[in-house]
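# Architecture at a glance
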Amino acid sequence: MDVVKSPSKCSTVGIQGIDWAFKGMIFALIYCSAGISGGHINPAVTFGLFLARKLSLARLLGGGANSVAGGYTKGRWPRC
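Residues numbered from 1 in each chain as written. Predicted model: local features only at pLDDT ≥ 70, side-chain atom pairs only at ≥ 80, totals over all residues. Heavy atoms only, no water.

### Observations concerning the pattern of salt bridges
Heads up, the rule is: Any carboxyl oxygen of Asp or Glu within 4 Å of a side-chain nitrogen of Lys or Arg constitutes a salt bridge here. Secondary structure follows DSSP: runs of H or I at least 4 residues long count as helices, runs of E at least 2 residues long count as strands, and numbering of each begins at the N terminus. Note on classification: 1.4 Å probe, protein chains only; a residue is buried when its accessible area is under 20% of the maximum for its type, exposed when over 50%, partly exposed between these limits.
Enumeration according to the criterion identifies 1 salt bridge in this entry. A salt bridge links Asp19 to Lys23, with the shortest nitrogen-to-oxygen separation between them at 3.0 Å. A residue pair is termed a helical-turn pair when its members lie 3 or 4 positions apart in one helix, as Asp19 and Lys23 do in helix α1 (residues 14-37) at 4 residues. Relative accessible area serves as the criterion here: at 44%, Lys23 is assigned to the partly exposed category.

If you want it as C-alpha cells, here you go:
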C-alpha cells in the first residue's frame, strides 16, 4: 500500500477532520458506556459523584474493577 504524499498539508484531512474524528470517538465512547457507568469515561467524575453520594460504593467498586480488568486484558493481549 502506497502512502500518498501531498504537496500541501492543507489538502489532507486537516484540523476540522481531526476535530470531527475526535468528537465522533468521544460520542461513541460515551454512548457505549452510558449503560454501564453512566458515561463516566473519566475516573475523577465517577469518584466525585461517589463523594457527592450520587453513586453507591458497589457501583464505584464494580466500575473500578472493570477498568482494571480491561486495562490488564489490553496489556496482555497479543499484538499482531
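### Regarding the packing of aromatic side chains
Both the distance between ring centres and the angle between the ring planes are used here to describe each pair of aromatic rings. Our working rule: Two rings belonging to Phe, Tyr or Trp (six-membered ring only in the last case) form a pair when the distance between their centres is within 6.5 Å. Interplanar angles under 30 degrees mark stacking, angles over 60 mark edge-to-face geometry, and anything in between is tilted.
Applying the stated criterion across every chain, the model contains 2 aromatic pairs. Aromatic side chains Phe27 and Tyr31 sit 5.9 Å apart centroid to centroid with 20 degrees between the ring planes, which places their arrangement in the stacked category. Placement of the pair is Phe27 and Tyr31 together in helix α1, with a separation of 4 residues, close to one helical turn. Given the relative accessible area of 58%, Phe27 is considered exposed. The class of Tyr31 is exposed, set by a relative accessible area of 63%. Here Phe47 and Phe50 contribute two aromatic rings whose centre-to-centre distance is 6.2 Å and whose plane-to-plane angle is 35 degrees, an arrangement assigned as tilted. Linking Phe47 with Phe50, this pair stays in helix α2 (residues 43-51), spanning 3 residues, or about one helical turn. Overall, Phe50 belongs to the partly exposed group, its relative accessible area being 25%.

Remember that the coordinates give geometry; whether it matters functionally is a separate question.
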